[in-house]
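# Geometric and topological summary
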6 protein chains.
Amino acid sequence: MRPSGRKLDEMRAISIETGVTKHAEGSCLIRCGDTHVLCTATIEDKAPSFLKGTGLGWVTAEYGMLPRATNTRNRREAAAGKQSGRTQEIQRLIGRALRAGVDRVALGERQIVVDCDVIQADGGTRCAAITGGWVALRLAVNKLLKAGVVTSDPIVDHVAAVSCGIYAGQPIADLDYAEDSEAGTDGNFILTGRGRLIEVQMSAEGATFSRDEMGRLLDLAEAGIARLVEAQKAAI
Amino acid sequence: MRPSGRKLDEMRAISIETGVTKHAEGSCLIRCGDTHVLCTATIEDKAPSFLKGTGLGWVTAEYGMLPRATNTRNRREAAAGKQSGRTQEIQRLIGRALRAGVDRVALGERQIVVDCDVIQADGGTRCAAITGGWVALRLAVNKLLKAGVVTSDPIVDHVAAVSCGIYAGQPIADLDYAEDSEAGTDGNFILTGRGRLIEVQMSAEGATFSRDEMGRLLDLAEAGIARLVEAQKAAI
Amino acid sequence: MRPSGRKLDEMRAISIETGVTKHAEGSCLIRCGDTHVLCTATIEDKAPSFLKGTGLGWVTAEYGMLPRATNTRNRREAAAGKQSGRTQEIQRLIGRALRAGVDRVALGERQIVVDCDVIQADGGTRCAAITGGWVALRLAVNKLLKAGVVTSDPIVDHVAAVSCGIYAGQPIADLDYAEDSEAGTDGNFILTGRGRLIEVQMSAEGATFSRDEMGRLLDLAEAGIARLVEAQKAAI
Amino acid sequence: MRPSGRKLDEMRAISIETGVTKHAEGSCLIRCGDTHVLCTATIEDKAPSFLKGTGLGWVTAEYGMLPRATNTRNRREAAAGKQSGRTQEIQRLIGRALRAGVDRVALGERQIVVDCDVIQADGGTRCAAITGGWVALRLAVNKLLKAGVVTSDPIVDHVAAVSCGIYAGQPIADLDYAEDSEAGTDGNFILTGRGRLIEVQMSAEGATFSRDEMGRLLDLAEAGIARLVEAQKAAI
Amino acid sequence: MRPSGRKLDEMRAISIETGVTKHAEGSCLIRCGDTHVLCTATIEDKAPSFLKGTGLGWVTAEYGMLPRATNTRNRREAAAGKQSGRTQEIQRLIGRALRAGVDRVALGERQIVVDCDVIQADGGTRCAAITGGWVALRLAVNKLLKAGVVTSDPIVDHVAAVSCGIYAGQPIADLDYAEDSEAGTDGNFILTGRGRLIEVQMSAEGATFSRDEMGRLLDLAEAGIARLVEAQKAAI
Amino acid sequence: MRPSGRKLDEMRAISIETGVTKHAEGSCLIRCGDTHVLCTATIEDKAPSFLKGTGLGWVTAEYGMLPRATNTRNRREAAAGKQSGRTQEIQRLIGRALRAGVDRVALGERQIVVDCDVIQADGGTRCAAITGGWVALRLAVNKLLKAGVVTSDPIVDHVAAVSCGIYAGQPIADLDYAEDSEAGTDGNFILTGRGRLIEVQMSAEGATFSRDEMGRLLDLAEAGIARLVEAQKAAI
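Residues numbered from 1 in each chain as written. Chains lettered and ligands numbered in written order. Predicted model: local features only at pLDDT ≥ 70, side-chain atom pairs only at ≥ 80, totals over all residues. Heavy atoms only, no water.

As annotated in an unreviewed UniProt entry, chain A carries the name Ribonuclease PH and comes from Albidovulum salinarum. In the Catalytic activity (unreviewed entry) part of its UniProt record, chain A is described as follows: "tRNA(n+1) + phosphate = tRNA(n) + a ribonucleoside 5'-diphosphate". One UniProt comment on chain A, placed under Sequence similarities (unreviewed entry), says "Belongs to the RNase PH family." (UniProt positions renumbered as here; feature names shortened; annotations may be inferred.)

The partner chain B presents 37 residues to the 37 residues of chain C that form the contact. Where chain C abuts chain B, roughly 2800 Å² becomes buried across the two surfaces, and 48% of that area is made up of carbon and sulfur atoms. Joining chain C to chain B, the criterion identifies 16 salt bridges. Across the pair R73 of chain B and E62 of chain C runs a salt bridge whose closest N-O atoms are separated by 3.1 Å. (Contact = heavy atoms within 4.5 Å. Buried area = accessible area lost by both parts, 1.4 Å probe. Salt bridge = Lys/Arg side-chain N within 4 Å of Asp/Glu carboxyl O.)

Screw-axis analysis of chain C against chain B gives a translation of 0.0 Å along the axis, an RMSD of 0.0 Å, and a rotation angle of 180°. With respect to symmetry, the two chain copies, as superposed, fit the operation of a two-fold axis. When the interface residues of chain C are mapped onto chain B, 100% of them again lie at the interface, so the same face is used by both copies. (Least-squares fit on C-alpha atoms with pLDDT ≥ 70 in both.)

Take the environment of T192 of chain E next. Positionally, T192 of chain E belongs in strand β8 (residues 185-192). Here T192 of chain E falls in the buried class, since its relative accessible area comes to 5%. Between the C-alpha atoms of T192 of chain E and D157 of chain E, which are 35 residues apart in sequence, the distance is 6.1 Å. For T192 of chain E, the contacting residues outside a window of four places in its chain are D157, H158, I198 and I225 of chain E together with T208 of chain F. (Helix = DSSP H or I, 4+ residues; strand = E, 2+ residues; numbered from the N terminus. Buried < 20%, exposed > 50% of the residue type's maximum accessible area, 1.4 Å probe, protein only.)

This part covers the environment of K143 of chain E. All names here are of chain E. When you line up the elements, K143 lands in helix α4 (residues 125-146). Put simply, K143 and Q91 are 52 residues apart on the chain and 24 Å apart in space, counted from C-alpha to C-alpha. In this view, K143 contacts A24 and E25; residues no more than four positions away in its chain are not counted.

Structural alignment of chain B on chain A gives an RMSD of 0.0 Å, achieved by rotating through 180° and translating 0.0 Å along the axis. Take the interface residues of chain B: 100% of them recur as interface residues in chain A, which is what a same-surface contact looks like.

Further remarks concern the sheet that holds strand β4 (residues 58-65) of chain C. Backbone-to-backbone hydrogen bonds pair the strands of a sheet. The strands run either parallel or antiparallel. Residues and elements named next belong to chain C. Judged by pairing direction, the sheet is mixed, and its five strands sit side by side in the order β1-β2-β3-β5-β4 without closing on themselves. The open sheet has two edge strands, β1 (14-18) and β4, and neither has a second partner. Strand-to-strand twist of the sheet, defined as the mean angle between neighbouring strand axes without regard to direction, takes the value 20°. Two strands pair when backbone bridges link them, and strand β2 (residues 26-32) and strand β3 (residues 35-44) are joined in this way by seven bridges, in the antiparallel orientation. When the bridges of β3 are listed, S27 appears paired with T40. Against the sheet, helix α4 (residues 125-146) touches β1, β2, β3, β4 and β5 (111-120), its axis set at about 35° to β3. (Pairing = 2+ DSSP bridges. Axes fitted to C-alpha atoms, helices over the stretch in contact; angles between N-to-C directions.)

This brings us to the packing of helix α6 (residues 211-235) of chain C against helix α6 (residues 211-235) of chain D. As a packed pair, α6 of chain C and α6 of chain D sit with axes 13 Å apart at the nearest point and diverge in direction by 160°. Judged on the interaxial angle alone, α6 of chain D and α6 of chain C are roughly antiparallel. Handedness of the α6 of chain C/α6 of chain D crossing: right-handed. Residues R211, M214, G215, L218, D219 and E222 of chain C of α6 of chain C touch α6 of chain D, and the partners they reach there are R211, M214, G215, L218, D219 and E222 of chain D. Residues belonging to the contact of α6 of chain C with α6 of chain D are distributed by class as follows: four nonpolar, two polar and six charged. (Parallel < 35°, antiparallel > 145°, perpendicular 65-115°, else oblique. Left-handed = near helix turned anticlockwise from the far one by under 90°. Nonpolar A, V, L, I, M, F, W, Y, C, P; charged D, E, K, R; others polar.)

Next up on the list: the UniProt feature "binding site: phosphate" (unreviewed entry) in chain A. Sites flagged by UniProt as "binding site: phosphate" (unreviewed entry) map to R86, G124, T125 and R126 of chain A. The greatest C-alpha distance among the annotated residues, which extend across 41 residues, is 13.4 Å, indicating that they converge on a single site. Relative to the helices and strands, R86 of chain A resides in helix α2 (residues 85-99). Given a relative accessible area of 31%, R86 of chain A falls into the partly exposed group. If near-sequence neighbours (up to four positions away) are discounted, R86 of chain A is found in contact with Y63, M65, T125 and R126 of chain A together with R92 of chain B. Here R126 of chain A shows up in helix α4 (residues 125-146).

This part takes up the side chain of Q120 of chain A. Its place among the elements puts Q120 of chain A in strand β5 (residues 111-120). Relative accessible area serves as the criterion here: at 3%, Q120 of chain A is assigned to the buried category. At 2.9 Å, the side chain of Q120 of chain A and the backbone oxygen of D34 of chain A are in polar contact. Excluding its chain neighbours within four sequence positions, the residues that come into contact with Q120 of chain A are D34, T35, H36 and A69 of chain A together with V20, T21, K22 and H23 of chain E. (Polar contact = N/O pair within 3.5 Å; in protein donor to acceptor, adjacent residues only side chain to side chain.)

Before going further, it helps to examine the interface of chain B and chain A. Counting residues at the interface gives 27 residues for chain B and 27 residues for chain A. Taking both partners together, chain B and chain A bury about 2600 Å²; carbon and sulfur atoms supply 45% of that area. Three residues stand out in chain B for area buried against chain A, namely E89, L197 and R211 of chain B, and they jointly supply 24% of the buried area on that side. Counting across the interface, chain B meets chain A through eight salt bridges. In this structure, E222 of chain B engages R211 of chain A in a salt bridge whose closest nitrogen and oxygen atoms are separated by 3.3 Å. Inspection of the chain B/chain A interface yields 20 residue pairs in polar contact (both at pLDDT 80 or more). For the side of chain B that touches chain A, the elements supplying multiple residues, two or more each, are α2 (85-99), β9 (197-204) and α6 (211-235) of chain B.

All names here are of chain E. Strand order across the open sheet formed by five strands is β1-β2-β3-β5-β4, with mixed pairing between neighbours. The sheet is open, and its two borders are formed by β1 (14-18) and β4 (58-65), each paired with just one other strand. In this sheet, neighbouring strand axes are inclined to one another by 20° on average, regardless of whether the strands run parallel or antiparallel. Across the sheet, helix α2 (residues 85-99) touches β4 and β5 (111-120), and the angle it forms with β4 is around 145°. Docked against the sheet, α4 engages β1, β2 (26-32), β3 (35-44), β4 and β5, running at close to 35° with respect to β3.

Next up on the list: the pairing of strand β6 (residues 159-167) of chain C. All names here are of chain C. Of all nine residues making up β6, nine are buried, and the element is well covered by its neighbours. Both faces of β6 are covered, namely the face carrying V159, A161, S163, G165 and Y167 and the face carrying A160, V162, C164 and I166. Strand direction decides the pairing type here: β6 and strand β8 (residues 185-192), joined by eight bridges, are antiparallel. Opposite V159, over in β8, you have T192 as the bridge partner. With four bridges connecting them, β6 and strand β7 (residues 170-173) associate as antiparallel partners. When the bridges of β7 are listed, G165 appears paired with I172. Counting the residues in the hairpin turn of β6 and β7 gives two residues, including A168, whose phi is positive at 50°.

Right under this line is the structure:
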């Protein structure tokens with residue numbers, strides 16, 4: 001009944017390949033079905049100026065999409081001269097999500113920039129970026145720990161994300177592009193490895209929803225996140 | 001126990017004054033405590049180009065804040081040369097929320113632009129913008145109905161929004177700025193007049209949250225929205 | 001004979017309401033007929049860098065117009081990505097005018113930013129902004145005096161502005177939008193409370209003018225400014 | 001007593017060389033003392049879109065300054081990514097002034113763009129641009145008349161401009177940079193060949209002024225403009 | 001003697017993997033040593049407006065680099081709000097090079113956009129982009145031929161590029177980043193499959209060069225290009 | 001056989017007038033036939049920040065074209081809000097070329113900015129800018145030497161540039177616009193006074209070229225540069 005032929009709660013095949021670029025302190029290529037996102041983490045010795053002298057660190061994210069990552073070519077944002085509202089909204093979300101899993105005192109007054117660039121898109125790019133971005137972040141932090149620059153682990157838990165939605169009246173997990181386009185309601189769920197909620201964003205796209213439906217999507221999300229966290233563990 | 005001295009579920013005083021500018025097809029000044037937002041609705045004969053020939057209408061929103069609406073002056077976005085990511089995120093949210101209450105077939109191939117400009121800010125500006133923006137929209141649509149340009153009412157239900165959060169471990173409704181700055185978790189809830197959910201955005205700001213806490217915030221939101229919808233009814 | 005029905009030298013009804021926002025050091029909402037401008041003054045501890053070490057203060061202004069302040073909606077300048085030439089010209093004028101009434105030595109090395117945002121426009125917005133901006137500035141300076149931060153009053157005189165023009169061959173005072181659109185010549189006159197000239201800008205819009213006509217417009221302006229200064233005195 | 005050693009009413013040496021670029025329909029290099037401005041007029045077959053179908057023509061102007069036209073190098077506006085408020089204000093003024101001397105019905109539905117680029121600056125660049133820009137415009141219109149494209153002369157009169165100011169308490173004509181920097185009040189006067197006023201812009205720069213002083217500056221301006229108009233006549 | 005340990009005329013290992021994204025009409029990932037560039041070709045039904053009605057096609061290119069493709073992170077151009085001069089120069093070069101191998105009459109009035117995004121950089125990215133871009137172009141054109149949209153092959157020859165330079169007084173082929181940073185002279189050579197020259201760009205970086213040195217670099221380039229063309233043939 | 005009627009190896013008339021603006025430390029107006037470029041050199045006490053503390057100087061260039069320097073008017077880049085890719089490419093080339101003739105240790109930690117503004121264009125503007133820019137640079141450096149600020153001459157040799165191309169199958173020197181538009185291959189050659197190569201840029205525009213043709217263009221360029229260097233010597 002799903003365009004993808006998957007069962008209602010079936011996630012797409014997940015693959016996380018680490019160490020994919022030689023320059024970044026941490027990197028991975030995450031594939032959630034046909035959605036492929038290259039994530040790199042860069043350690044910077046200075047925290048942003050608003051944190052100067054506080055001893056607190058910062059994690060931020062930037063998001064981009066190659067022009068032909070999608071079915072029809074999108075205009076390159078660098079050529080357009082600005083990032084779209086959608087891009088800014090997504091990269092703010094990724095940064096917020098990753099920070100929720102970090103002890104900023106333990107990190108110390110430095111910044112880690114996580115770049116998430118979509119190589120190929122098929123729905124759920126922001127969720128893949130969060131799940132993969134966490135792996136890149138984890139690997140970069142490992143370098144800090146190994147080098148003794150940081151002594152107590154600033155990563156407090158896994159962070160992963162999945163989108164779930166109501167498609168043809170049924171709650172389904174891990175929407176691909178075809179499913180996302182048709183879903184009446186759709187949500188992004190970001191959770192920790194222990195199942196605590198970091199961010200929930202549910203939105204009616206055509207049909208409003210009930211508290212009950214909200215609960216059923218959360219059920220799917222919790223199960224899906226567990227799978228993603230396993231994949232993260234296997235990768236690092 | 002709240003900085004504002006309000007009870008946990010107590011909303012701020014709401015006032016909605018309509019017809020505040022002589023030019024706009026619909027307008028109101030909404031005051032939620034010390035948060036004051038001027039909302040205007042402009043009817044445009046043409047829908048955006050991506051709807052050409054579809055017969056469908058569109059509702060969109062723009063959001064702004066006067067430089068000294070806040071405690072310290074913010075740089076004017078027009079002078080900075082771009083809208084911030086925050087501004088774009090908010091205006092996309094307002095537009096999405098209002099469209100969820102509109103029958104775009106009944107509206108016909110035209111556009112209504114809702115401008116929400118914050119005159120004075122004290123937390124919850126996006127929620128006030130949605131609640132007040134709906135009133136401006138309602139008044140503009142009334143003009144279309146009265147003029148016979150539109151024959152079936154395109155407004156299918158009220159749309160209103162409130163922010164709720166966890167403050168010092170307790171769920172509280174309708175956060176002002178002081179409460180919002182300290183809240184561990186905070187969420188924006190957009191509902192219809194009949195209590196259906198349009199958008200839920202919950203975000204951990206310092207502390208992750210549980211499904212149970214999520215439910216208690218939803219309870220507060222449902223009660224608060226009912227109050228806001230009453231105020232909308234009284235205004236129009 | 002005037003579209004507004006006013007006598008040739010009749011000013012519009014003036015109202016100046018102070019203390020309209022809780023955050024700004026000085027604020028007012030000035031209404032000249034249907035032209036409504038919200039003015040706020042912000043005190044900043046630092047003067048612009050070109051004054052560093054001079055002991056001199058600075059007063060500057062920014063001007064904006066809500067998108068639907070006018071009969072048809074204007075594109076939001078923040079969305080367009082820049083301030084129009086008209087906006088820049090107006091805000092430079094307001095700043096220059098207000099500085100002419102300030103003793104910058106007495107002000108000391110700090111800056112006051114006056115924001116003038118047009119809520120509703122019906123001609124003469126720059127003049128209303130100057131007249132109202134002066135009130136906001138006066139109130140902010142009062143705070144500095146009261147706090148003892150500044151000991152000698154940096155405000156040397158009132159500053160107010162009015163537009164006058166030649167309509168259907170006759171000199172008229174305080175043009176509204178309908179009159180302004182049809183005027184052959186139109187001018188903005190900025191004077192001090194004692195009647196000294198700060199700025200005169202007269203421009204042929206369709207018909208050139210003579211020295212004699214210039215004199216008659218100045219006569220009207222002097223009378224009008226006296227009325228505006230009275231309103232300023234009443235407000236503070 | 002003037003830094004330049006000139007008498008109070010003495011203009012700088014004026015030279016207007018025409019035909020200085022082979023491509024433009026009209027061109028001249030105007031030299032007012034050490035202020036040198038290259039003016040070109042370009043005829044475009046189409047009027048701006050807001051005039052479509054009206055039969056009316058348009059004259060517009062753009063103003064620029066080479067980075068090292070001044071004593072210290074200014075940042076190139078193309079590199080800065082925008083025209084300054086000053087540049088926009090000046091080019092709007094030049095366009096308005098030139099249009100005041102044109103019969104837009106006789107011109108027909110086409111546009112003439114006058115580019116004024118300051119090669120070397122020593123005060124009064126906007127006035128030189130207007131005086132020289134009129135010559136370039138005149139020459140371009142001559143081509144239209146010669147070619148029979150336009151049958152009735154759209155140029156109704158000369159347009160020229162001069163700056164005058166109060167320096168050390170004395171009214172002086174045609175300020176150079178050193179005088180302009182020290183002047184307490186300074187004004188730009190744009191007149192027709194017959195001595196009608198097109199635009200008067202007087203501004204207090206440090207000292208307010210009286211109606212009497214205003215009159216004395218106008219006297220100087222009328223005499224100066226007569227000299228400039230003679231130079232225009234000699235050039236064409 | 002080379003930092004890379006390669007012989008003077010030794011090229012880096014070349015690998016060209018095709019079909020790397022499911023959406024693009026043609027795509028490849030080219031690896032020249034540690035320089036990895038993802039190239040996609042997009043077919044657009046319309047040619048640019050300056051070709052309207054001419055029957056001629058167009059090939060253009062865009063170039064980008066992921067922020068962490070390099071040893072230290074570069075600011076994302078989309079966030080900076082513009083493409084650097086370097087980026088623009090490179091993408092203009094790629095487009096010009098690819099067009100030199102295309103019969104634009106045979107292509108017909110359509111456009112092919114080749115996007116070259118550097119995933120990992122180690123010198124010679126523009127050359128790798130040209131060599132890989134040609135493969136993506138070739139594959140996209142094959143689709144047009146297969147579909148019968150184009151009947152005569154618009155690709156007239158291979159196009160490939162290599163950089164050569166003078167390092168420590170010796171001519172060397174296919175510079176990596178370490179070599180490029182130290183080279184006194186360095187050049188980019190773009191040739192066809194038959195060895196005709198398309199573009200030669202040689203530049204003294206520290207030391208000027210002689211005609212004889214120029215000849216020796218061209219010898220290296222011809223041999224290197226032959227190797228690249230073999231790799232192209234193997235890939236398609 | 002050339003549109004210009006010149007012999008294959010005949011250069012255009014060259015004139016270099018120095019001291020054309022009173023403000024710049026060095027300046028000239030170079031005329032190569034109908035291509036006229038105004039070049040100024042500005043000495044700045046500070047080097048760019050990337051050189052701080054190195055003791056090395058810097059020479060950079062900016063390039064611009066007046067809107068009506070060409071046959072049809074180009075949009076002013078300052079109004080368009082950015083410099084085109086072509087402009088950036090040219091100014092990077094000019095800067096690189098001039099630096100190749102400068103001993104940056106001898107210059108000391110300061111910057112010289114060379115502005116090249118095209119007053120009238122008829123092909124070869126970037127070459128004229130380099131040849132004239134060198135003269136402005138030479139004159140500015142002479143001031144530094146005369147003032148004793150710099151003790152050893154940082155100018156190590158002349159730098160001049162010429163374009164040559166293949167027109168109707170024949171190699172020709174110093175292309176004007178008409179020739180450039182029709183040339184199948186065209187190249188820019190930058191050489192020192194002693195005939196060493198600084199930069200060679202050859203590009204197939206319609207027809208690829210052979211090594212032999214490349215050699216014949218270089219022969220023409222060497223002869224042409226010798227003429228330009230003579231003109232430089234005569235000017236300074």
